[in-house]
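# Close look at the chain arrangement
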Amino acid sequence: MRSLLAGVCLLMAGMGMSAAGAEQAKPASLDVKQLMQNLGHVKVAKGTFVERKYMSILSTPLELSGTLIYTAPGHLEKHTLLPKPESMVLEQDKLTLENKTKNQRRTVVLQEYPVIWAFVEGIRSTLAGDLPTLSKFYRVSLDGNVNQWRLQLVPVESDMRAVVDEIHISGSKNWVRTIEIIESGGDRSVMTVTEDAS
């Protein structure tokens, strides 16, 4: 289970100009419902990612990079290119993990793995702006404003809390910039996402 969750974990700035004598502009305020509405307007998003995993057994972070594709409301693809090719495709309630180098492919139904399901919904429901589903799995709080926000997700279920302490998702407007996962054992990963301008 932990190795599968670890595979899933691998899955998945500012305004205000001031000048002498000029009044400083204030970024628009934001609450969780407004943020979810903004994110829910995104139908397709593509980007590249760099993920760093800080693990107690490693002296330096493990770095992965690749591409991400999200199509609303329930399709998410993560293709890791470095250090080795792997892919993860989420389609509704099915998650497929594939390692072509090892000729391995596995598909799981999320409802049969509650911890993985909770983790996946932390990402997918945020991207889809689906607050009711997100709130089933997490206590949700938000800091910041429309230009720079940070969502904090604390798992509701004890099974999930035994694996993950918190998930922090940060962004600007309707774009997710970073996803930080803090595991209960102290390890953490930080994924930085850059929008594909093409």
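Up top is the structure.
Read on for an overview of the structure. In this text the structure is predicted, and so the values were computed from the model without any measurement. (Residues numbered from 1 in each chain as written. Predicted model: local features only at pLDDT ≥ 70, side-chain atom pairs only at ≥ 80, totals over all residues. Heavy atoms only, no water.)

Another point: the pairing of strand β8 (residues 148-155). Pairing analysis gives 8 bridges linking strand β7 (residues 138-145) to β8, with the strands arranged antiparallel. The partner of Arg139 across the bridge, within β8, is Val154. Between β7 and β8, which pair antiparallel in sequence order, lie 2 residues. (Pairing = 2+ DSSP bridges. Helix = DSSP H or I, 4+ residues; strand = E, 2+ residues; numbered from the N terminus.)

This part is about a nonpolar patch on the surface. A cluster of nonpolar residues, Ile57, Leu58 and Leu62, forms a patch on the protein surface that exposes about 280 Å² of accessible area. Structurally, the position occupied by Leu62 is in strand β2 (residues 62-71). Under the relative-accessibility criterion, Leu62 is labelled partly exposed at 34%. (Patch = residues over 30% accessible without salt bridge, like charges linked within 9 Å, V, L, I, M, F, W, Y side chains within 5 Å. Areas by Shrake-Rupley, 256 points an atom, 1.4 Å probe, with all protein chains shown as cover. Salt bridge = Lys/Arg side-chain N within 4 Å of Asp/Glu carboxyl O. Buried < 20%, exposed > 50% of the residue type's maximum accessible area, 1.4 Å probe, protein only.)

Moving on, we come to the nonpolar core. As a rule of thumb, nonpolar side chains are buried together in soluble globular proteins. Counting 45 residues, the largest nonpolar core has Leu95, Trp149, Leu151, Ile167 and Ile169 as its most contacted members. Top contributing element to this core by residue count: helix α3 (residues 114-128), with 7 residues. (Core = buried A, V, L, I, M, F, W, Y, C linked by side-chain atoms within 4.5 Å.)

It is worth spelling out the packing of aromatic side chains at this point. For the structure on display, the rule yields 1 aromatic pair. Note on Trp117 and Phe137: the rings are 5.2 Å apart at their centroids and 70° apart in plane angle, and the pair reads as edge-to-face. Taken as a pair, Trp117 in helix α3 and Phe137 in helix α4 (residues 131-137) lie far apart in primary sequence, 20 residues in all. When its relative accessible area of 23% is taken as the criterion, Trp117 is described as partly exposed. Judged by its relative accessible area of 10%, Phe137 is buried. Cation over ring: Arg188 sits above Tyr54, and NZ or CZ is 4.4 Å from the ring centre. (Phe/Tyr/Trp six-rings, centres within 6.5 Å; stacked < 30°, edge-to-face > 60°. Lys NZ or Arg CZ within 6 Å of the ring centre and 35° of its normal.)

Taken together, the 11 strands give an open sheet; going across it, the order is β6-β5-β4-β3-β2-β1-β11-β10-β9-β8-β7, and neighbouring strands pair in antiparallel fashion. The open sheet has two edge strands, β6 (104-109) and β7, and neither has a second partner. Here the average twist between neighbouring strands, direction ignored, is 15°. When strand β3 (residues 75-82) meets strand β4 (residues 86-91), the two strands line up antiparallel, connected through 6 bridges. Counted as the bridge partner of Leu76 is Leu90 from β4. Against the sheet, α3 engages β2, β3, β4, β5 (94-99), β7, β8, β9 (164-172) and β10 (175-183), with an angle of about 15° to β9. (Axes fitted to C-alpha atoms, helices over the stretch in contact; angles between N-to-C directions. Contact = heavy atoms within 4.5 Å.)

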